[in-house]
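# Coordinate inspection notes
Single-letter residue listing:
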Amino acid sequence: MNKKGILTIISGFSGAGKGTLVKELVKKYDYKLSISATTRSPRQGEEHGREYFFLTRDEFESMIEDNQLLEWAEYVGNYYGTPKAYVEEQLELGSHVILEIEIQGALKVKEQCPDALLLFVTPPSAQVLKERLIGRGTENMDTINKRLSRACEEALYMPDYDYIIVNDELSECVEETNAIIENERNRTERRQDFIQLITEELKVFQEGE
Ligand code: ADP
Ligand code: 5GP
């Protein structure tokens, strides 16, 4: 029987290390990563169709109108959204899919897919967050400050998530995250077919008494 994959949503402060963590999970454990659409400009080294589908605002708005997005949100002046088709296809095939998206989008997906697993990634401290954003070297100080100020608002939503993942030592964080997703397979709601099967099997013993 075809078992649906688990939909995992990873959110967290900009600079927490979500992208780094997700890359490792995909490389080591073959999770399927949804590629988002965005209207922000590519950073150095980013490619259309690999990190994001880089679109104009008109193109993005057409996708919204055509109902092609599972969710979308505006983040620090740009649109970001998850193309629906790939996610649905992979889950049906039984693959585990990761969405690396911000909080408004994560909560919208949770409403539509209540069995989605919500993970919030954070650095061990606010100071480390600032250092990582500066160290990444991809944004100017003005954008970094906007992202830090946004992080302060985002912290209010941490209690809405299923797990808080502290990304201190990267390899430990990768193993911990993978273990959480693996364990999720055994949640009672996801094992209804097995419960039914063994209940039926056990009835044979009862009838044989
Ligand atoms: P996000 O996707 O959450 O914005 P990134 O994955 O781009 O964050 O990480 C931000 C910066 O922090 C990058 O320069 C990355 O190399 C670094 N980084 C990520 N995880 C760790 C870690 N566990 N320890 C030290 N540096 C890290
Ligand atoms: P960045 O510009 O740093 O790549 O991403 C900014 C924020 O947008 C991050 O918090 C990232 O998780 C989020 N994001 C990326 N893709 C999507 C998406 O498809 N939908 C939503 N809602 N947020 C996204």
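If you check an unreviewed UniProt entry, the chain appears there as Guanylate kinase from Acetivibrio ethanolgignens. UniProt annotates the chain under Sequence similarities (unreviewed entry) with the comment "Belongs to the guanylate kinase family." Comment text from UniProt for the chain, heading Subcellular location (unreviewed entry), reads "Cytoplasm".

## With respect to the sheet that holds strand S9 (residues 163–166)
Strand order in the open sheet made by the five strands is S2-S7-S1-S8-S9, with parallel pairing throughout. On the outer flanks of this sheet lie strand S2 (32–33) and S9, each paired with one strand and no other. Strand direction decides the pairing type here: S2 and strand S7 (residues 97–100), joined by two bridges, are parallel. Bridge assignment links Leu 33 to a residue of S7, and that residue is Ile 98. Across the sheet, helix H3 (residues 84–92) lies against strand S1 (7–12), S2 and S7, angled at about 150° from S7, the strand it touches most. Its contacts with the sheet put helix H4 (residues 103–112) on S1, S7 and strand S8 (117–122), and the angle it makes with S1 is roughly 155°.

## Section: the nonpolar core
The biggest cluster of nonpolar side chains holds 34 residues, and the ones touching the most others in it are Leu 7, Ile 9, Ile 10 and Leu 99. Mapped onto this core, the elements with two or more residues apiece are S1, helix H1 (18–29), H3, S7, H4, S8 and helix H7 (170–184). Per-element accounting of this core gives the leading share, five residues, to S8. When residues of this core are sorted by domain, at least three fall in each of domain 1 (1–31 + 99–208) and domain 2 (35–95). In this structure Ile 9 touches Leu 99, Ile 101, Ala 106, Val 109, Ala 116, Leu 117, Leu 118 and Leu 119, once residues within four positions along its chain are discounted. The next biggest cluster of nonpolar side chains, apart from the first, holds six residues, and it includes Leu 55, Phe 60, Met 63 and Tyr 79.

## Observations regarding the UniProt feature "binding site: ATP" (unreviewed entry) in the chain
If you check UniProt for "binding site: ATP" (unreviewed entry), the listed places come out as Gly 12, Phe 13, Ser 14, Gly 15, Ala 16, Gly 17, Lys 18 and Gly 19 in our numbering. Tracing the backbone shows Ser 14 in the loop between S1 and H1. For Ser 14, a relative accessible area of 7% corresponds to the buried category. Ignoring sequence-local partners within four residues, the contact set of Ser 14 consists of Tyr 75, Leu 129, Leu 133, Arg 136 and Arg 147. Its place among the elements puts Gly 17 in the loop between S1 and H1. For Gly 17, a relative accessible area of 13% puts it in the buried group.

Rules of the game
- Residues numbered from 1 in each chain as written.
- Chains lettered and ligands numbered in written order.
- Predicted model: local features only at pLDDT ≥ 70, side-chain atom pairs only at ≥ 80, totals over all residues.
- Heavy atoms only, no water.
- UniProt positions renumbered as here; feature names shortened; annotations may be inferred.
- Pairing = 2+ DSSP bridges.
- Helix = DSSP H or I, 4+ residues; strand = E, 2+ residues; numbered from the N terminus.
- Contact = heavy atoms within 4.5 Å.
- Axes fitted to C-alpha atoms, helices over the stretch in contact; angles between N-to-C directions.
- Core = buried A, V, L, I, M, F, W, Y, C linked by side-chain atoms within 4.5 Å.
- Buried < 20%, exposed > 50% of the residue type's maximum accessible area, 1.4 Å probe, protein only.
- Domains from an automatic or database assignment.

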